[in-house]
Amino acid sequence: MNNGIRTLSLSTLFSTFAGLVALNFAHAATLSGSMNVDNSHTTYISTDDSVAGTQIASGNNWRTTDTFSGVVLEPGRPYFLHVHGVDAGAPGAFLGDFT
């Protein structure tokens, strides 16, 4: 039965971002970000693209900007940002800003 709820994985959209994060840092770096996801999300950071990783953010109101900061990225390791978004009805959206 289709109840109008769609689950989408946005991690593929971050392949370019993950490549940027995977650069070799001379010193430890930190990741911070802000995002709005329609309708809800759980966001993870991982060193393995096939594993969700450690939860760093979540939210269930697309009108509220969810933020995270201070995620330590060790030098020389690849990182993948996985956003698991749930859309409860069209249209769905994702907006994020990461540094």
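Scroll up to find the structure.
Here's a quick rundown of the structure.

Cut-offs and rules
- Residues numbered from 1 in each chain as written.
- Predicted model: local features only at pLDDT ≥ 70, side-chain atom pairs only at ≥ 80, totals over all residues.
- Heavy atoms only, no water.
- Core = buried A, V, L, I, M, F, W, Y, C linked by side-chain atoms within 4.5 Å.
- Buried < 20%, exposed > 50% of the residue type's maximum accessible area, 1.4 Å probe, protein only.
- Helix = DSSP H or I, 4+ residues; strand = E, 2+ residues; numbered from the N terminus.
- Contact = heavy atoms within 4.5 Å.
- Salt bridge = Lys/Arg side-chain N within 4 Å of Asp/Glu carboxyl O.
- Pairing = 2+ DSSP bridges.
- Axes fitted to C-alpha atoms, helices over the stretch in contact; angles between N-to-C directions.

## Focus: the nonpolar core
No. 1: Judged by nonpolar contacts, the single largest core of 13 residues is most densely connected at Leu31, Ile45, Phe68 and Val71.
No. 2: Secondary structure elements with two or more residues in this core: β2 (29–38), β4 (54–59), β5 (66–73) and β6 (80–87).
No. 3: The contact partners of isoleucine 45, leaving out residues within four places of it in the chain, are Leu31, Ala52, Gly53, Thr54, Ile56, Val71, Leu73, Tyr79, Phe80 and Leu81.

## Regarding the environment of histidine 84
No. 1: In this fold, histidine 84 is placed in strand β6.
No. 2: Judged by its relative accessible area of 36%, histidine 84 is partly exposed.

## Here we look at the pattern of salt bridges
No. 1: Under the counting rule described, the total for this entry stands at 1 salt bridge.
No. 2: A salt bridge links arginine 77 to glutamate 74, with the nearest nitrogen and oxygen atoms 3.5 Å apart.
No. 3: Judged by relative accessible area, arginine 77 falls into the partly exposed class, the value being 34%.
No. 4: Note on glutamate 74: relative accessible area 41%, which makes it partly exposed.

## Re the sheet that holds β2
No. 1: Strand order in the open sheet made by the 3 strands is β5-β2-β7, with antiparallel pairing throughout. Of all the strands in the sheet, just β5 and β7 (93–98) have a single pairing partner and so form its edges. Shown here is a sheet whose adjacent strand axes are inclined to one another by a mean of 25°, direction ignored.
No. 2: Bridge analysis of β2 against β5 gives 6 bridges, and the strand direction is antiparallel. Its bridge partner lying in β5, threonine 30 is registered against valine 72.

## Some thoughts on the environment of threonine 54
No. 1: The topology assignment puts threonine 54 in strand β4.
No. 2: In this structure the C-alpha to C-alpha distance between threonine 54 and tyrosine 44, which are 10 residues apart in sequence, comes to 5.1 Å.
No. 3: The residues touching threonine 54, leaving out its near neighbours within four places in the chain, are Thr43, Tyr44 and Ile45.

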